[in-house]
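Secondary and tertiary structure notes
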Amino acid sequence: MKFALCFLIALCAAVAHAERPNVILVMTDDQGYGDLGCHGNPILKTPNLDQMHSESVRFTDFHVSPFCTPTRAALMTGNYPGRTGAYRTSSGRTMMHPDEKTVAHLFSENGYATGMVGKWHLGDNAPHRPQDRGFQDVVWHRCGGIGQASDYWGNDYFDDTYERNGGFEKFEGYCTDVWFREGMRFVEENKEEPFFLYLALNAPHGPYRVPPEWAEPYQNNKEVANANFYGMVANIDHNMGRLRRQLEELELAENTILIFMTDNGTAGGAKFEGLTSLPTVGYNAGMRGKKSSVYEGGIRVPFFIHWPKGGLVGGKDIDTLAAHIDVLPTLAELCGISVSEDYESDGISLKPLLEGKEDSWKREHLVEQYLGGAYAKVLPPKRDEYSVVMTEQWRYVNSDGEGLYEIEKDPGQQNNLIEKQPEVANRLRALYEPFWEKVSPRLTPVHIDLGNSADNPTVLCSQDWYMPTGNPPWNFGSISKMPKVTGPWMVDVKQAGRYKITLRQFPIEADKPVVATSAKLEIAGKTADSKVEPGSKGVVFKMELPTGKTELNTWLFDEKGKAGGAYFTEVEFLD
């Protein structure tokens, strides 16, 4: 009898385990709301995404951050990006505070296999990599785009070298094809257990490169802003079809929550005058603004969710205000996972809306802020600047002047009512204050580990210099010019002992000599100097370091005594 009882308990647990839904979250990069056929684009063909749109529940008023990193931080944690610490795309502000727990932690702690494929953009060094943040199986490229400074030297979207679970590996094919292939491999390998897959594409982020057959239908069309951009979207659409066919063939589609979304407004789907105009060429679904804008065109994006077993089918629209911070609590509730106080999500579950229970919906407004503004001109971020307070009826925008728009009547945000509706403007201004009180104390430096056994040696890149304003050298276009600028890395020495620190201007894989006559570094109150031998591939220092948080500064001097930093610096704990 005791054996039968144990068997019954084990059987019930197995059935419950098998019934838990899988989750696949697909997010593209720099694809706007209007960059889909199903959203009215008259030129771009996206048949597979159009089909998913027709079969899914669609949030038509879904908002994210104005650009890459902050959306990813909000998506991973359910928190406002500024609160996580990851609110810029470079300048040492792309990493989340170590106490931020992620959706991957949540699912892995509850028996799910967790996988991350593609673009991470939340830190390249421990303890900030995807494998440090709850993902068990990762294949990813570093930094904010393939070919940017900290990415593997020589990557150009084709036959690249990416990182798999801590080691670099050469892959064949076009980047988007590789990401879907690896995502489908993860699905195949974990089909017998519940899994969570975060498939974060780098396309259609620039540079706009794609096999020519995808761009060819859009060439020589005056209404197309960028044929390669459209070609990249078309290739994504093709791969979405492949993924959905695999789920059907493996009989997983019925109980898999499949989400499609994008990380911000369009970058290349239309042409604009600056960042905040209506498009001058191309289609933007009637909205004003693009990526890096807090107008609708910069932050309103597609969000399709499909789950047949859970009844999320049928092509239903939900026009209630929702956001990236809501994804974690929504997925947790749909999958029957309790969320502990460790997560403290700023978002709220969308489950009542998905079930048609609008009366129990608790949100009255939403705040987004482009912390630091375009080109990081306003660092540290200032209260109010480049922000928007949203309600179902209104948008109060504070971006190069105040604007108030009645969004349903004026979706293009052309009729500024700030002087005609002062009471509304004052009410919305007041709604901003609790947001700033929550976010501003966390706009503090996040540190990179030195001497962490999971990432030793670690390679630091100038994109993570913590600059007082503006962006550091973050791509090889700027680094190749050897700019005479330097900045500190915010680091945390985890083990006291002897370290080897190697200064370079290019990554070791580039096999380039250091162009300098002398070098200097400062860390933990210590300073060291060295001559640079002609033809040297790296300037090596060895020194004892104590534990604790500190700054690492580097200088490489030319024959005229002018200095730029060591854009690449390798730090290795020896003993």
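These numbers come from a predicted model, not from an experiment.

1. A closer look at the overall build of the chain
Check the secondary structure of the chain and you find 13 helices and 29 strands. Dimensions of the chain along its principal axes, counting C-alpha atoms only, are 80 × 70 × 50 Å. On the chain, roughly 22,200 Å² of surface is accessible, and the fraction owed to carbon and sulfur atoms is 50%. The average position of the 59 basic charges and that of the 78 acidic charges among the side chains of the chain differ by 4 Å.

2. Re unusual backbone geometry
Of note, the amide linkage connecting Leu 379 to Pro 380 takes the cis form, showing an omega dihedral of -5°. Mapping Pro 380 onto the fold places it in the loop between β16 (366-369) and β17 (387-390). Cis peptide bonds are those with omega within 30 degrees of zero, and the linkage from Asn 456 to Pro 457 qualifies with 0°. Relative to the helices and strands, Pro 457 resides in the loop between β20 (448-450) and β21 (458-461). Phi is positive for Ala 285, close to 55°, though the residue is something other than glycine. Note that Ala 285 resides in the loop between β11 (281-282) and α9 (296-299). What makes Ala 285 partly exposed here is its relative accessible area of 23%.

3. Some details on a negative patch on the surface
Judged by side-chain charge, Asp 319, Glu 358, Asp 359, Glu 392 and Glu 408 come together as a negatively charged surface patch. Judged by its relative accessible area of 81%, Asp 359 falls in the exposed class.

4. Considering the packing of helix α6 (residues 175-189) against helix α8 (residues 227-249)
Relative to each other, α6 and α8 sit at 10°, their axes nearing to 10 Å. Overall, the two elements α6 and α8 adopt an arrangement that is roughly parallel. You can see that α6 and α8 cross each other, and the crossing is right-handed. Residues Thr 176, Asp 177, Phe 180, Met 184, Val 187 and Glu 188 of α6 form the contact with α8, whose own contacting residues are Asn 235, Ile 236, Asn 239, Met 240, Arg 242, Leu 243, Gln 246 and Leu 247. Class assignment for the residues of the contact of α6 with α8 results in 7 nonpolar, 4 polar and 3 charged.

5. Description of the environment of Asp 29
With respect to the secondary-structure elements, Asp 29 resides in the loop between β1 (22-28) and α2 (47-55). Residue Asp 29 is classed as buried on the basis of its relative accessible area, which comes to 0%. As for Asp 29 and Gly 538, which are separated by 509 residues in sequence, their C-alpha atoms are 35 Å apart. When sequence neighbours within four positions are dropped, the list of residues in contact with Asp 29 reads Cys 68, Arg 72, Lys 119, Gly 144, Leu 201, Asn 202, Ala 203, Pro 204, His 205 and Asp 263.

6. Thoughts on the sheet that holds strand β15 (residues 322-323)
Ordered in space as β12-β3-β15, the 3 strands form an open sheet in which the pairing is mixed. Looking at which strands have only one partner, the edges of the open sheet turn out to be β12 (300-301) and β15. Where strand β3 (residues 62-63) lies against β15, 2 bridges are found, and the strand directions are parallel. Note on β15: the bridge partner recorded for Phe 62 is Ala 322.

7. Considerations on the nonpolar core
Counting residues in hydrophobic clusters, the biggest one holds 48 residues, and the most contacted among them are Phe 59, Tyr 198 and Ile 305. Ranked by the residues each element gives to this core, the list is headed by helix α10 (residues 327-334), at 5 residues. Discounting residues that sit within four places of it in the chain, Phe 59 has contacts with Val 301, Phe 303, Ile 305, Ile 318, Thr 320, Ala 322, Leu 350, Leu 353 and Leu 354. Within the second largest apolar cluster, 39 residues are counted, among which are Leu 366, Val 378, Tyr 405 and Val 439.

8. So, the pattern of salt bridges
What the rule picks out here adds up to 35 salt bridges. Here Arg 395 makes a salt bridge to Asp 61, at a shortest N to O gap of 3.1 Å. Pair noted here: Arg 395 is in strand β18 (residues 394-398) and Asp 61 is in the loop between β2 (57-59) and β3, with a separation of 334 residues, a long-range link. One exposure class covers both Arg 395 and Asp 61, and it is buried. The shortest N-O distance in the salt bridge between Arg 129 and Asp 455 comes to 4.0 Å. Note that Arg 129 is positioned in the loop between β4 (113-119) and β5 (137-141) and Asp 455 in the loop between β20 and β21, a separation of 326 residues in sequence. Of the two residues, Arg 129 and Asp 455, neither departs from the other in class, the shared state being buried. Overlapping salt bridges, with partners in common, bring together Asp 137, Arg 164, Glu 169, Glu 182, Arg 185 and Glu 189 in one network.

9. Things to note about the sheet that holds strand β26 (residues 539-545)
Taken together, the 4 strands give an open sheet; going across it, the order is β21-β29-β23-β26, and neighbouring strands pair in antiparallel fashion. In this open sheet, the two strands that pair with only one neighbour each are β21 and β26. Averaged over all neighbouring strand pairs, the angle between strand axes comes to 25°, with direction disregarded. Bridge analysis of strand β23 (residues 497-504) against strand β29 (residues 568-573) gives 6 bridges, and the strand direction is antiparallel. For Leu 503, the partnering residue across the bridge sits in β29 and is Thr 569.

Here is what the cut-offs are and how they apply
Residues numbered from 1 in each chain as written. Predicted model: local features only at pLDDT ≥ 70, side-chain atom pairs only at ≥ 80, totals over all residues. Heavy atoms only, no water. Helix = DSSP H or I, 4+ residues; strand = E, 2+ residues; numbered from the N terminus. Areas by Shrake-Rupley, 256 points an atom, 1.4 Å probe, with all protein chains shown as cover. Lys, Arg positive; Asp, Glu negative; His and termini not counted. Charge placed at Lys NZ, Arg CZ, Asp CG, Glu CD. Buried < 20%, exposed > 50% of the residue type's maximum accessible area, 1.4 Å probe, protein only. Patch = residues over 30% accessible without salt bridge, like charges linked within 9 Å, V, L, I, M, F, W, Y side chains within 5 Å. Salt bridge = Lys/Arg side-chain N within 4 Å of Asp/Glu carboxyl O. Axes fitted to C-alpha atoms, helices over the stretch in contact; angles between N-to-C directions. Parallel < 35°, antiparallel > 145°, perpendicular 65-115°, else oblique. Left-handed = near helix turned anticlockwise from the far one by under 90°. Contact = heavy atoms within 4.5 Å. Nonpolar A, V, L, I, M, F, W, Y, C, P; charged D, E, K, R; others polar. Pairing = 2+ DSSP bridges. Core = buried A, V, L, I, M, F, W, Y, C linked by side-chain atoms within 4.5 Å.

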